[in-house]
Amino acid sequence: MQSQCYVENVRCAERCVQIVLKSWDRCDGLSGTSYSQHFQPDYLDLVSANRTQCCIDRRLQSATDLDVCDRASIDWQCYRDHFGTLTEAAQYVPMPKLLTLNALTTCSNMLQIDNPALRLMGFSKKASMKARCLIRCVVIRQGLYKDVTGLKLDRFAVQMKKSVDSYQEDVFQCLTFLRDLNLDNCNLAARTILECFDRDSSLYEQFVFSFFAVPPRFRR
């Protein structure tokens, strides 16, 4: 699909690729966390991210009358020249809200849960068992979680537009603690989200409401 971008629209190909990779949206612009995973920096290069951002900032300050295609081209050139080598390995692509909504609807139907939006928006550590099974179902369908291996933190970070390095040690301790409790699948998945990330209130709120909130027209 990325090669098709260059065939159909050469001038705006870089922006097309960013959209295909779910690394760009109209509200937030480019997600560096998502986009950067498609480039492989040298493991000894500890300042590639800062150098790339400086390149982007410098190019934007010196340019005028840029449209979104020009901006995407600058992003591409700076990541190529300063961040690392373009990788051909498959990477996790963040799930857009529409597909997340589809996963939510499918899971709520499977679990026979009425009005899933109200249940999810009221999530807490005292959530019902059905609500816990619902969150497990959705994160599995998003490709963020497996019962055998638990939360895929690298994918979760990309979905949340963060880097794995941004998580504190207490998050890793929480994940290990819960795995050692021999919980059932629904409780383990739900408690992973509700307990291991609730200390970062903005992250927790974004996860619940951005991933799971259902627009009024979809409510039953």
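The rules behind the values
- Residues numbered from 1 in each chain as written.
- Predicted model: local features only at pLDDT ≥ 70, side-chain atom pairs only at ≥ 80, totals over all residues.
- Heavy atoms only, no water.
- Phe/Tyr/Trp six-rings, centres within 6.5 Å; stacked < 30°, edge-to-face > 60°.
- Helix = DSSP H or I, 4+ residues; strand = E, 2+ residues; numbered from the N terminus.
- Buried < 20%, exposed > 50% of the residue type's maximum accessible area, 1.4 Å probe, protein only.
- pLDDT = per-residue confidence, 0-100.
- Contact = heavy atoms within 4.5 Å.
- Core = buried A, V, L, I, M, F, W, Y, C linked by side-chain atoms within 4.5 Å.

1. Concerning the packing of aromatic side chains
Here is step 1: Overall, the coordinates contain five aromatic pairs when judged by the stated rule.
Here is step 2: Measuring from centroid to centroid gives 5.6 Å for Phe39 and Tyr79, while their planes differ by 35°, and the two rings are tilted. Taken together, the residues Phe39 in strand S3 (residues 39-40) and Tyr79 in helix H5 (residues 68-83) connect sequence positions 40 residues apart.
Here is step 3: Overall, Tyr79 belongs to the buried group, its relative accessible area being 7%.
Here is step 4: Between Tyr79 and Phe83, the aromatic rings sit 5.4 Å apart at their centres with planes inclined by 45°, giving tilted as the arrangement. On the criterion of helical spacing, the pair formed by Tyr79 and Phe83 is a turn pair, its members being four residues apart in helix H5.

2. Digging into the confidence of the model for the chain
Here is step 1: When the pLDDT values of the chain are averaged, the result is 76; 77% of them are 70 or greater.
Here is step 2: Of all the helices and strands in the chain, helix H7 (residues 116-121) carries the lowest mean pLDDT, 50, while strand S5 (residues 145-146) carries the highest, 92.
Here is step 3: Scored below 50 in pLDDT, residues 213-220 makes 16 contacts in the model with residues more than four places away or belonging to other chains.

3. Structural notes on the nonpolar core
Here is step 1: Core analysis: the biggest nonpolar cluster contains 24 residues, and Tyr145, Leu151, Leu153, Phe156, Tyr167, Cys196 and Phe197 have the highest contact counts within it.
Here is step 2: Broken down by secondary-structure element, the contributors of at least two residues to this core are helix H8 (129-141), helix H9 (153-159), helix H10 (169-179) and helix H11 (185-196).
Here is step 3: Tallying contributions element by element places H11 first for this core, with six residues.
Here is step 4: In contact with Leu153, not counting residues within four places along its chain, are Val164, Tyr167, Phe172 and Phe197.
Here is step 5: Leu30, Cys55, Ile74 and Tyr79 belong to the second largest nonpolar core, which has eleven residues in total.

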